[in-house]
Amino acid sequence: MGEKGQRPEDLAPDEFVIVNHALASLDMLGYLFYRRLVPRRDVVAMWGTTAMRACRVAQDTGLLTMRDTQNQMRVWPYLRYLAAWMDARKDHSIRLPTGRPLRVGHDDGETSPTAVG
């Protein structure tokens, strides 16, 4: 949606359902992250950058505003929390038990976690 420059209104109904479901799933992950029911290190390493980018695209395309208006409340609050948490940590790194940082989302476009050091 974001790469193509589409707005939510431009999506076919089945595409909209898929995007909505993906964001709702990331919101659930954000809830588990917020409540510390899953290891934060794992969430950051595996899904943090994806959640941050998805939330950013949803914001930039107007999807968040549209869904907020439809529901008359803020939707996906835990996705927004996770995205803000990731955005606040610009290097998106966490510490492995070995003490080496685990970097996620390098500037060269790589999104898979790699241990550096």
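Residues numbered from 1 in each chain as written. Predicted model: local features only at pLDDT ≥ 70, side-chain atom pairs only at ≥ 80, totals over all residues. Heavy atoms only, no water.

Trainee: Help me understand the environment of Gly-30, please; the structure alone is not making it clear to me.
Mentor: By the secondary structure assignment, Gly-30 is in helix H1 (residues 13-34). Ignoring sequence-local partners within four residues, the contact set of Gly-30 consists of Tyr-78 and Leu-82. (Helix = DSSP H or I, 4+ residues; strand = E, 2+ residues; numbered from the N terminus. Contact = heavy atoms within 4.5 Å.)

Trainee: What's the story with the nonpolar core in this structure? I'm lost.
Mentor: When a protein is soluble and globular, its nonpolar side chains tend to lie buried together. Of all hydrophobic cores here, the largest spans 20 residues; its most connected members are Leu-23, Phe-33, Trp-76, Leu-79, Leu-82 and Met-86. Considering every element that reaches this core, the biggest residue donor is helix H2 (residues 40-61), with six residues. Residues in contact with Leu-23, not counting those within four places in the same chain, are Ala-54, Ala-58, Leu-63, Trp-76 and Leu-79. (Core = buried A, V, L, I, M, F, W, Y, C linked by side-chain atoms within 4.5 Å. Buried < 20%, exposed > 50% of the residue type's maximum accessible area, 1.4 Å probe, protein only.)

Trainee: Explanation requested: the packing of H2 against helix H3 (residues 63-71) in the structure shown.
Mentor: The relative placement of two packed helices comes down to the angle between their axes together with the axis-to-axis distance. Where H2 meets H3, the axes come as close as 4 Å, and the angle between the chain directions of the two elements is 75 degrees. By the angle between their axes, H2 is roughly perpendicular relative to H3. Listed contacts from H3 to Cys-55, Ala-58, Gln-59 and Thr-61 of H2 are Leu-63, Leu-64 and Thr-65. Its residues assigned to classes, the contact of H2 with H3 shows four nonpolar, three polar and no charged. (Axes fitted to C-alpha atoms, helices over the stretch in contact; angles between N-to-C directions. Parallel < 35°, antiparallel > 145°, perpendicular 65-115°, else oblique. Nonpolar A, V, L, I, M, F, W, Y, C, P; charged D, E, K, R; others polar.)

Trainee: Just to check I follow, could you spell out the packing of H2 against helix H4 (residues 77-88) for this structure?
Mentor: Between H2 and H4, whose axes approach to 8 Å, the crossing angle comes to 105 degrees. Accordingly, the angle class assigned to the pair H2 and H4 is roughly perpendicular. Residues Arg-40, Val-43, Val-44, Gly-48, Thr-49, Ala-51, Met-52, Cys-55 and Arg-56 of H2 form the contact with H4, whose own contacting residues are Leu-79, Arg-80, Tyr-81, Leu-82, Ala-83, Trp-85, Met-86 and Asp-87.

Trainee: Help me understand the pattern of salt bridges in this model?
Mentor: Close approach of charged atoms allows side chains with opposite charge to pair. Evaluation of the coordinates by the stated rule reveals four salt bridges. In this structure, Glu-9 and Arg-7 form a salt bridge, with 3.4 Å as the shortest nitrogen-oxygen distance. What makes Arg-7 partly exposed here is its relative accessible area of 46%. The network of salt bridges with shared partners includes Arg-7, Glu-9 and Asp-10. (Salt bridge = Lys/Arg side-chain N within 4 Å of Asp/Glu carboxyl O.)

Trainee: Honestly, the packing of aromatic side chains in this entry has me stumped. Any pointers?
Mentor: Taken as a whole and assessed by the stated rule, the structure comprises five aromatic pairs. Centroid distance Tyr-31 to Tyr-78: 5.1 Å. Interplanar angle 80 degrees. Geometry classified as edge-to-face. In this pair, Tyr-31 is assigned in helix H1 and Tyr-78 in helix H4, connecting sequence segments 47 residues apart. Taking relative accessible area as the criterion, Tyr-78 reaches 27% and is therefore assigned partly exposed. Look at Phe-33 and Tyr-81: their rings are 6.2 Å apart centre to centre, the planes differ by 50 degrees, and that puts the pair in the tilted class. Of this pair, Phe-33 sits in helix H1 while Tyr-81 sits in helix H4, and the two are 48 residues apart along the sequence. Taking relative accessible area as the criterion, Phe-33 reaches 0% and is therefore assigned buried. Look at Tyr-81 and you get partly exposed, because its relative accessible area is 28%. Aromatic rings pair up to connect Tyr-31, Phe-33, Tyr-34, Tyr-78, Tyr-81 and Trp-85 into one cluster. Above the plane of the ring of Phe-33 lies Arg-40, whose end atom (NZ or CZ) is 4.1 Å from the centre. (Phe/Tyr/Trp six-rings, centres within 6.5 Å; stacked < 30°, edge-to-face > 60°. Lys NZ or Arg CZ within 6 Å of the ring centre and 35° of its normal.)

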